[in-house]
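Here is what each chain is made of, one letter per residue.
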Amino acid sequence: MNSKKTKSVNVKSLMGRPKDAAKREGIVRAANILFMKNGYTLTSMESVAKKADVSKLTIYSHFADKDELFKEVIRQRCDKLATPENFMALAGKPVEKALLELGINFTTLIFQPDSIHLQRIMQAEATRHPKVVQLFFEAGPQRVREAFGKLLQAWNYQKQLAILDVAKATDQFFSLLKGEMLMKIMLLQMPTPSEKELKKHVRATVDFFLAAYRPKAK
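My aim in this report is to walk through the structure given alongside it, one point at a time. (Residues numbered from 1 in each chain as written. Predicted model: local features only at pLDDT ≥ 70, side-chain atom pairs only at ≥ 80, totals over all residues. Heavy atoms only, no water.)

Next up on the list: the pattern of salt bridges. By the definition in use, this model includes ten salt bridges. A salt bridge links glutamate 72 to arginine 75; the nearest nitrogen and oxygen atoms lie 2.7 Å apart. With glutamate 72 and arginine 75 both in helix 5 (residues 66-79), this residue pair falls three residues apart, about one helical turn. Assessed through its relative accessible area of 28%, arginine 75 is described here as partly exposed. (Salt bridge = Lys/Arg side-chain N within 4 Å of Asp/Glu carboxyl O. Helix = DSSP H or I, 4+ residues; strand = E, 2+ residues; numbered from the N terminus. Buried < 20%, exposed > 50% of the residue type's maximum accessible area, 1.4 Å probe, protein only.)

Shown next as structure tokens:
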């Protein structure tokens, strides 16, 4: 009588198998819902598997661990702004027009209720689990800022802008876009600005930024 041998499943070997794109997106959607509802710490891989109607092994065939899954959720959320890898496509546009486009996309994203909720989750995680906030920063804001910095460098090269410290200018642009409005929403529960208010705010931000960094006439 032949005995059947039980084979253990190697998670690393699963990572090398062909992926099912539909299942992957289903996993990310489920994880997004749970991370937004429960935060990073209270969201387990078991709960994601149940929500996505897949096995844990299926999740591990796409993502090495919860950190990687969380980073993918944040990456996709930030890509709604504009794929950072495609920022350089704006280098051929007039600076003012491109900055207005970026500014509207960015503020529309960060002032959405679910984005505000995510930022509150990150605040809550910050003191207890700083690693989670670092993951969030690397997967989202850092990618956007690095891509924007390269765009500013391109405009420097084209002599459309004159920026000595690109990193500082990048910080200034995004800080101006968030401004006091974000603080009031986060801390004082103020209502989110209307589309008209956002456009006015972005226009003022871009005007201020260009006044500082457009080449001065000789």
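On we go.
We now examine the layout of surface pockets. Counted as a void, the largest pocket has a volume near 530 Å³. Those elements giving two or more residues to the lining of the largest pocket turn out to be helix 5, helix 6 (95-110), helix 7 (113-128), helix 8 (130-139), helix 9 (141-157) and helix 10 (166-188). Here the residues of the lining of the largest pocket sort into 17 nonpolar, four polar and three charged. (1 Å grid on protein atoms, 1.4 Å probe; cavity = no way out; pocket = protein on both sides within 12 Å on 5 of 7 lines; lining within 4 Å. Points joined across faces, edges and corners; volume = space filled by probe spheres on them. Nonpolar A, V, L, I, M, F, W, Y, C, P; charged D, E, K, R; others polar.)

In this section: the packing of aromatic side chains. Counted by the stated rule, this structure contains nine aromatic pairs. Seen from their ring centres, phenylalanine 35 and phenylalanine 70 are 5.1 Å apart, and the 85° between their planes marks the pair as edge-to-face. Of this pair, phenylalanine 35 sits in helix 2 (residues 21-38) while phenylalanine 70 sits in helix 5, and the two are 35 residues apart along the sequence. On the basis of relative accessible area, phenylalanine 35 is assigned to the buried category, the value being 4%. Plain terms: the ring middles of phenylalanine 148 and phenylalanine 173 are 4.8 Å apart, the flat faces sit at 15° to each other, and that makes the pair stacked. Here phenylalanine 173 lies in helix 10 and phenylalanine 148 lies in helix 9, a separation of 25 residues in the sequence. No difference in accessibility class separates phenylalanine 148 from phenylalanine 173, as the two residues are buried. Through successive ring pairs, a cluster of aromatic residues spans Phe106, Phe148, Phe173, Phe174, Phe209 and Tyr213. The side chain of lysine 66 reaches across the aromatic face of tyrosine 40, ending 4.3 Å from its centre. (Phe/Tyr/Trp six-rings, centres within 6.5 Å; stacked < 30°, edge-to-face > 60°. Lys NZ or Arg CZ within 6 Å of the ring centre and 35° of its normal.)

As a further point, take the packing of helix 10 against helix 11 (residues 195-213). The interhelical angle for the contact between helix 10 and helix 11, taken along N-to-C directions, is 150°, at an axis separation of 10 Å. Our classification of the angle between helix 10 and helix 11 gives roughly antiparallel. Here helix 10 runs over helix 11; the crossing is right-handed. Seen from helix 10, the contacting residues are Ala169, Gln172, Phe173, Leu176, Leu177 and Met181; seen from helix 11, they are Leu198, His201, Val202, Thr205, Val206, Phe208, Phe209 and Tyr213. Taken together, the residues of the contact of helix 10 with helix 11 break down into eleven nonpolar, three polar and no charged. (Axes fitted to C-alpha atoms, helices over the stretch in contact; angles between N-to-C directions. Parallel < 35°, antiparallel > 145°, perpendicular 65-115°, else oblique. Left-handed = near helix turned anticlockwise from the far one by under 90°. Contact = heavy atoms within 4.5 Å.)

Turning our attention to the nonpolar core. Counting 34 residues, the largest nonpolar core has Leu99, Phe148 and Leu152 as the members making the most contacts within it. The set of elements that each furnish at least two residues to this core consists of helix 6, helix 9, helix 10 and helix 11. When residues in this core are grouped by element, the largest group, eight residues, is from helix 10. Every residue in contact with phenylalanine 148, bar those within four places of it in the chain, is listed here: Phe87, Leu99, Leu102, Thr170, Phe173 and Phe174. By size, the runner-up hydrophobic cluster in this structure holds 27 residues, among which are Met36, Ala49, Tyr60 and Val132. (Core = buried A, V, L, I, M, F, W, Y, C linked by side-chain atoms within 4.5 Å.)

Right, let's talk about the side chain of threonine 43 for a bit. Mapped onto the fold, threonine 43 is located in the loop between helix 2 and helix 3 (45-52). For threonine 43, a relative accessible area of 1% gives the class buried. A polar contact of 2.7 Å, which involves the side chain of threonine 43, links it to the backbone oxygen of glycine 39. Discounting chain neighbours no more than four positions away, the residues touching threonine 43 are Leu34, Phe35, Asn38, Val48 and Lys66. (Polar contact = N/O pair within 3.5 Å; in protein donor to acceptor, adjacent residues only side chain to side chain.)

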